[in-house]
Amino acid sequence: MDLPHEPALRAIGTTAADFERDLVSNLYFERGTTMESASTQDVYQSLAVTVRDRLVDRRARTATAHQAANPRCVYYLSAEYMLGRQLRQNLLYTGTEDVARDVLKGLGLSLEEVADYDVEPGLGNGGLGRLAACLLDALATADIPAVGYGIRYDLGLFRQTIVDGAQVERPDDWAFDGSPWEFPQQDDRQPVGFYGRVVEVAGRRRWIPEETVLGEPSHLLVPGYGTQTVNIVRLWRARADSDAFDLADFAAGRSAEAVQEVVRSENISKVLYPADSTEFGRELRLKQQYFLVSCAVWDIVRRFHLRNSDWAAFADKNVIQLNDTHPALAVPELMRLLIDEYELDWDTAWSITRGTFAYTCHTLLPEALETWPVALFERLLPRHLEIVYAINQAHLDEIESRFPGDVELRRRLSLIQEEPERRVRMAHLAVVGSHAVNGVAGLHTRLLTETTLADFARLWPDRFRNVTNGISPRRFVRLANPRLAALISEQLGGDGWLTDLGRLAALAPLADDADFQRRWRAVKRDNKLDLAGYARAATGVRIDPDALVDVHVKRFHEYKRQLLKLLHVVTLHDRLRADPRTDVPRTVVFAGKAAPGYHAVKRIIQLINAVAAVVNADPAVAGRLRVVFLPDYNVSRAELIVPAADLSEQISLAGKEASGTGNMKLALNGAVTIGTLDGANIELRERVGADNFFLFGLDAAQAAEMRRGDYRPGELARADPELAAALDAIAGGRYGAGFGDVLDSVLGRDEYLTVADYRSYLDAQDAVAAAWSDPDRWTRMSILNAASCGFFSADRTVADYRDRIWRADPVRVPPR
Ligand SMILES: *Cc1c(COP(=O)(O)O)cnc(C)c1O
């Protein structure tokens, strides 16, 4: 295919000579230096640009192909993206990994040492953000035209450091040294209004905002694997108008006042999830949400008009997927644009809007369902509140016509909560404004339709469907675990499994093959040595590569039950003090961030570090038990931990975890799961088989039943001598004074049934130890876990979304 004006295309060759020439040229023209005087940072930046240029060429051809095909596009709206580091991925996806390695070697550098300068964009928090990244990867791999919309946070969530055992948050200034992957588009800035009032002009309502900030887009490239498609994620950063700086204040020495307006505007994209403990923080969060959707909806409409003139085609050409409720304001925003700006009538606008949106729900926890005070909403977005009220009126009228006189039902389904304070229910707004609503695992979708959204499911049963989450095998095997990828490719005769993960099933017959088992174990051991090297440098703790590596890695939350895992550790400590040959040699790895305001789990992090310090120094357990907390869990850390794991802890209280994706990553890398019947664990267990999964605990129905009944955790705990001993050890100060408060939650209400599941969990851990003692048996389980994970590919997830919700066709981008 010919582009209208071929640039002097230096940037598409993939031979070593092409690559070296471009690298040296980029050093010279982009960094103003030469190979002789370049720093490693210079080489990194130039290498990144060299690889990026090859993607830019594909991106240009992708845009041309999409322009010509005028296809249905998937727009993914998400407050978070956990993209992970870009360099290794982009080398892989452009097929230039080996070339780059050779060229760098010729220059006296290793790829590893250069790749160390690559910084993971700090745009996410946990599973929801990583899901967004995996779906974008799979969308591009499937050649589906897609754009991800998000916020370009300056500082992301936070960088977690551990000081005296406690989490200390530091700013994550991920782009401090410049981010070579980002393409700022200053000329596409878009004004976003806030506050103000609504006036009537010629019979139409019009919003006159009082404050305006500019949304400045930049994009990152999202290549598909094994294809030419390069989609984009478009990230918006808040900027003040250049007039906002007050020269007069500055001249008079009032420098803080001079930048006041600039700071206020730019605060909007400063951090992910500003603390919502103050009025300022809450307002900032709502501002962020509107900022994102205002920029995104405007951009989507603009892109539509590049290729189409008739609004009737809008819902055919666009599907907007809401990743949780954070972007739910997109519903009234699109309505506002259609009605106020484009002067469509209400019914037409509503049918376009509902036809365009789809909503993914990510929780069952009632406290995680977002609501906003009407008063704040009205002050910040007066016109949007009017539109929400109008949507609600039509919605309540529909309920009244179908269920006449059912006042209670209308109260429950209203977009507005009345008591104790009037608030806008964002999940209701998202459900009402969407034509499809999905949960993220089989159990989750069932519980959603039976509990959290049951009334809606009764109203519109056809609107609900399940799409079980998935993960990218490129990211979580090929990039994270190249040794395992090489072994699998050698065994399967190629790397077709990377885009057709079901092919891993062909490994199952090798589960008992002695030679394959030996090689499988060797891969795991090498990965553990890598992890051990990192852990030693980061924390000083030694990891024995022959011990069972037992990992609990994910965000800290009480429902995920890090504390249950820790009680197991304390019990092991007790048992080892009594008999040093009990259990198997084990290294327990914890990692994960706690939300800065979530005091209870920050205390659990402190207790973990306190237990680690005592256990690791105790001669009575030497060589049998180690505990390590690896700080700052993110995608890069997951890429290091997951390939080294033997045992995957997925121990949330049943009915609380929507899906989980950590469970999938770990199983795919040959870790065996110990887990409850929660989220996607259920589907995982179905596939790997009950023999290859350590099940324990109450199921969701039993847990709900127990919560309703007369549950007495304090008495139950005292009735179990080992649990009582563990609790006494903690309360009695074996791991340091003053940790009694950490136990209050379990001995009081024990909301997450830690006490109820403790004994069953310990029994399952004893079964783990027995299985580990037989290496052939364990390796067989490990191989069968990986071999059974085909279903959990994000490629399958995207195929499900495509078939059940998006109805989007691929557009092939021809090779040059
Ligand atoms: C996969 C992943 C998660 C999600 O983990 P869960 O165990 O599903 O909660 C969170 N954070 C990072 C960095 C991840 O890679």
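Residues numbered from 1 in each chain as written. Predicted model: local features only at pLDDT ≥ 70, side-chain atom pairs only at ≥ 80, totals over all residues. Heavy atoms only, no water.

A. Expanded view of the overall build of the protein. Each helix and strand counted, the protein has 34 helices and 23 strands in total. With the C-alpha coordinates of the protein rotated into their principal frame, the extents come out at 85 × 75 × 65 Å. Across the protein, contacts joining residues at least 24 apart in sequence account for 77% of those joining residues at least 6 apart. Of the roughly 30,400 Å² that the protein leaves accessible, carbon and sulfur atoms contribute 50%. Averaging the coordinates of the 97 positive side-chain charges in the protein and doing the same for the 114 negative ones gives two points 2 Å apart. (Helix = DSSP H or I, 4+ residues; strand = E, 2+ residues; numbered from the N terminus. Contact = heavy atoms within 4.5 Å. Areas by Shrake-Rupley, 256 points an atom, 1.4 Å probe, with all protein chains shown as cover. Lys, Arg positive; Asp, Glu negative; His and termini not counted. Charge placed at Lys NZ, Arg CZ, Asp CG, Glu CD.)

B. Representation of the sheet that holds strand 23 (residues 694–695) in the model. Strands sit in the order 20-19-18-21-22-23 across an open sheet of six strands; the sheet is parallel. Edge positions in the open sheet fall to strand 20 (625–629) and strand 23, since each of these has one partner strand only. Of the strands in this sheet, strand 19 (586–591) and strand 20 are in contact with helix 24 (residues 599–617), which crosses strand 20 at around 145 degrees. (Pairing = 2+ DSSP bridges. Axes fitted to C-alpha atoms, helices over the stretch in contact; angles between N-to-C directions.)

C. Broad picture of the pattern of salt bridges. Taken as a whole, this structure holds 78 salt bridges when the rule is applied. The partner of glutamate 333 in a salt bridge is arginine 336, with the nearest N and O atoms 3.1 Å apart. With glutamate 333 and arginine 336 both in helix 12 (residues 330–341), this residue pair falls three residues apart, about one helical turn. Considered together, glutamate 333 and arginine 336 belong to a single accessibility category, that of buried residues. Members of the salt-bridge network, linked through shared partners, are Arg575, Asp720, Glu722, Arg759, Asp763 and Asp766. (Salt bridge = Lys/Arg side-chain N within 4 Å of Asp/Glu carboxyl O. Buried < 20%, exposed > 50% of the residue type's maximum accessible area, 1.4 Å probe, protein only.)

D. Representation of the domain arrangement of the protein. Along its sequence, the protein is carved into domain 1 (1–69 + 99–118), domain 2 (70–85 + 120–434) and domain 3 (473–800). One C-alpha centre belongs to domain 1, the other to domain 3, and the line joining them spans 40 Å. (Domains from an automatic or database assignment.)

E. Local environment of the pairing of strand 18 (residues 548–553). In terms of burial, strand 18 is a largely internal element, six of the six residues being buried. Going residue by residue along strand 18, you find Leu548, Asp550 and His552 tucked away on one face and Val549, Val551 and Val553 tucked away on the opposite face as well. Between strand 18 and its parallel partner strand 19, the chain crosses via helix 23 (residues 562–578), and the hand of that crossover is right-handed. With two bridges connecting them, strand 18 and strand 21 (residues 647–650) associate as parallel partners. Opposite aspartate 550, over in strand 21, you have leucine 647 as the bridge partner. (Right-handed = clockwise from strand over helix to strand, strands pointing away.)

F. How the structure looks around the packing of helix 12 against helix 15 (residues 382–402). Orientation of helix 12 relative to helix 15, taken along the N-to-C sense of each, is 100 degrees, at an axis distance of 9 Å. One element, helix 12, and the other, helix 15, form an angle in the roughly perpendicular class. Across the interface between the two elements, Val331, Pro332, Glu333, Met335, Arg336, Ile339 and Asp340 from helix 12 touch Arg383, His384, Ile387, Val388 and Ile391 from helix 15. In terms of residue class, the contact of helix 12 with helix 15 is made up of seven nonpolar, one polar and four charged. (Parallel < 35°, antiparallel > 145°, perpendicular 65-115°, else oblique. Nonpolar A, V, L, I, M, F, W, Y, C, P; charged D, E, K, R; others polar.)

G. Here's a closer look at the nonpolar core. Counting residues in hydrophobic clusters, the biggest one holds 181 residues, and the most contacted among them are Leu47, Leu77, Tyr149, Phe194, Phe291, Leu322 and Trp806. The element that contributes the greatest number of residues to this core is helix 10 (residues 279–307), accounting for 12 residues. Beyond its immediate chain neighbours, meaning those up to four positions away, tyrosine 149 contacts Tyr75, Tyr76, Leu77, Ser78, Tyr81, Arg234, Trp236, Leu292, Ala296, Asp299, Ile300 and Arg303. The next biggest cluster of nonpolar side chains, apart from the first, holds 64 residues, and it includes Leu548, Val588, Ala764 and Trp778. (Core = buried A, V, L, I, M, F, W, Y, C linked by side-chain atoms within 4.5 Å.)

H. Structural context of a negative patch on the surface. Together, Asp241, Asp243, Asp246 and Glu261 make up a negatively charged patch on the protein surface. Tracing the sequence through the fold places aspartate 246 in the loop between strand 10 (230–239) and helix 7 (247–251). Of the residues examined, aspartate 246 reaches a relative accessible area of 30% and is grouped as partly exposed. (Patch = residues over 30% accessible without salt bridge, like charges linked within 9 Å, V, L, I, M, F, W, Y side chains within 5 Å.)

I. Here's a closer look at the sheet that holds strand 15 (residues 423–425). Strand order in the open sheet made by the three strands is 13-15-14, with antiparallel pairing throughout. Of all strands in the sheet, those bounded by a partner on one side alone are strand 13 (371–373) and strand 14 (416–417). One ladder, built from three bridges, connects strand 13 with strand 15; its direction is antiparallel. Across the sheet, the residue bridging to proline 373 is arginine 423, located in strand 15.

J. Expanded view of the packing of aromatic side chains. Summed over all chains, the structure comprises 19 aromatic pairs. With 5.2 Å between their ring centres and 85 degrees between their planes, tyrosine 28 and phenylalanine 29 make a pair best called edge-to-face. You can call phenylalanine 29 exposed: its relative accessible area is 66%. Following the ring pairs from residue to residue traces out a cluster consisting of Phe304, Trp311, Phe314 and Tyr342. Taking the ring centre of tryptophan 298 as reference, the NZ or CZ of arginine 302 above it sits at 5.6 Å. Above the plane of the ring of phenylalanine 403 lies arginine 458, whose end atom (NZ or CZ) is 5.0 Å from the centre. (Phe/Tyr/Trp six-rings, centres within 6.5 Å; stacked < 30°, edge-to-face > 60°. Lys NZ or Arg CZ within 6 Å of the ring centre and 35° of its normal.)

K. Seen up close, the site of the ligand. Not every one of the 13 residues close to the ligand is listed here, only the nearest: Lys554, Lys560, Thr661, Gly662 and Lys665. Interatomic distance of 2.7 Å between a side-chain N/O atom of lysine 554 and an oxygen atom of the ligand. Contacts to the ligand include threonine 661, whose backbone N or O atom sits 2.7 Å from an oxygen atom. Here the ligand loses 96% of its free accessible area of 390 Å² to cover by the protein chains. At the level of secondary structure, the elements contributing two or more residues to the shell around the ligand comprise helix 25 (635–641) and helix 26 (662–668). Its residues assigned to classes, the shell around the ligand shows four nonpolar, six polar and three charged. Residue-level mapping places the shell around the ligand at the junction of two domains, with at least three residues from each of domain 2 (70–85 + 120–434) and domain 3 (473–800). (Near = heavy atom within 4 Å. Polar contact = N/O pair within 3.5 Å; in protein donor to acceptor, adjacent residues only side chain to side chain.)

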